[in-house]
Amino acid sequence: HAHAYLTGRGITKETTEQFGVGLFPGKGSMSGRVVIPIHNERGELVAYAGRSIDGAEPRYKLPAGFHKAAEVFNLHRLIAGKGADELVVVEGFFDCMKVSQAGFPCVALMGSSLSAQQEELLCRHCKVVVLMFDGDEAGSRATDDCLVRLARRGLWVKVVVLQPGQQPDQLSSEELTGLLRK
């Protein structure tokens, strides 16, 4: 849990333990990668994502047959904790860990697009969504799309716009708190 790659990204040992994240030293497709368990809304383990730590491509490996568009990363923890009326939605795993580490209920789409299944999961389990996507073109498109779709479904949607090039996982807990408490 305390691998230098994780601490270098500002993820504490407590957070990696909470999320079950760590380096996989064994053999196979995830060898030498940081593995991130992915659960469905019921808390059942459905996949592992493997993040390259040495620049190898692909950056992320997912198991064959797993459809990330069918799940919302970390939603099961919020449901198990009796839910959250308001939650932050980000793009990636590390964004989610950093925002959670800063004290905010957070989930990730595992990409920059909202699928119909993910939309349904969010609408079923929360009332207020705070969109905090990367400060790039894909993040801007995702923000616009999610804002329209989720508001149309009756959710209250807030938007946090990051500066060009910024990503939530690159911000400190203090910076995240300042942006999310406005």
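Our subject is the structure listed above.
Okay, so let's go over this structure. (Residues numbered from 1 in each chain as written. Predicted model: local features only at pLDDT ≥ 70, side-chain atom pairs only at ≥ 80, totals over all residues. Heavy atoms only, no water.)

Focus: a nonpolar patch on the surface
Logical step 1: A contiguous nonpolar surface patch, about 310 Å² in accessible area, is contributed by Leu147, Val148, Val159 and Val161.
Logical step 2: By the element assignment, Val159 lies in strand β8 (residues 156–159).
Logical step 3: Classification of Val159 as partly exposed rests on a relative accessible area of 35%. (Patch = residues over 30% accessible without salt bridge, like charges linked within 9 Å, V, L, I, M, F, W, Y side chains within 5 Å. Areas by Shrake-Rupley, 256 points an atom, 1.4 Å probe, with all protein chains shown as cover. Salt bridge = Lys/Arg side-chain N within 4 Å of Asp/Glu carboxyl O. Helix = DSSP H or I, 4+ residues; strand = E, 2+ residues; numbered from the N terminus. Buried < 20%, exposed > 50% of the residue type's maximum accessible area, 1.4 Å probe, protein only.)

Remarks on the sheet that holds strand β5 (residues 86–90)
Pairing between the strands of a sheet is mediated by backbone hydrogen bonds and can be parallel or antiparallel.
Logical step 1: Strand order in the open sheet formed by four strands is β6-β5-β7-β8, with parallel pairing between adjacent strands. Of all the strands in the sheet, just β6 (106–108) and β8 have a single pairing partner and so form its edges. Across the sheet, the mean angle from the axis of one strand to that of its neighbour is 30 degrees, orientation sign disregarded.
Logical step 2: In terms of strand pairing, β5 meets β6 through three bridges, oriented parallel. (Pairing = 2+ DSSP bridges. Axes fitted to C-alpha atoms, helices over the stretch in contact; angles between N-to-C directions.)

Points about the packing of aromatic side chains
Logical step 1: Taken as a whole and assessed by the stated rule, the structure comprises four aromatic pairs.
Logical step 2: Residues Tyr5 and Phe94 carry aromatic rings whose centres are separated by 6.1 Å and whose planes lie at 75 degrees to one another, so their mutual orientation is edge-to-face. In this pair, Tyr5 sits in helix α1 (residues 4–8) while Phe94 sits in helix α4 (residues 93–101), placing the two residues 89 residues apart along the sequence. Assigned by exposure class, Tyr5 and Phe94 land together as buried.
Logical step 3: An aromatic cluster is defined as three or more aromatic residues linked by ring pairs; in this entry it consists of Phe19, Tyr60, Phe73 and Phe93.
Logical step 4: Positioned above the aromatic ring of Phe94, the side-chain terminus of Arg9 is 4.0 Å from the ring centre.
Logical step 5: Its guanidinium or amino end placed over the ring of Phe19, Arg77 lies 4.6 Å from that ring's centre, counting from NZ or CZ. (Phe/Tyr/Trp six-rings, centres within 6.5 Å; stacked < 30°, edge-to-face > 60°. Lys NZ or Arg CZ within 6 Å of the ring centre and 35° of its normal.)

Quick look at the pattern of salt bridges
Logical step 1: Under the criterion given, the structure shown has 10 salt bridges.
Logical step 2: Arg141 serves as the salt-bridge partner of Glu137, at 2.9 Å between the closest nitrogen and oxygen. With Glu137 and Arg141 both in helix α6 (residues 137–152) and four residues apart, the pair spans about one turn of that helix.
Logical step 3: Of the residues examined, Glu137 reaches a relative accessible area of 61% and is grouped as exposed.
Logical step 4: For Asp145, the salt bridge goes to Arg149, with nearest N and O atoms at 3.1 Å. Note that Asp145 and Arg149 are positioned in helix α6 at a spacing of four residues, about one turn of the helix.
Logical step 5: The partly exposed category is assigned to Asp145, whose relative accessible area is 33%.
Logical step 6: On the accessibility criterion, Arg149 (17% relative accessible area) is buried.
Logical step 7: It is possible to trace a salt-bridge network through shared partners that takes in Glu119, Glu120, Asp145, Arg149 and Arg153.

Purely geometric stuff here, so don't read any function into it on its own.
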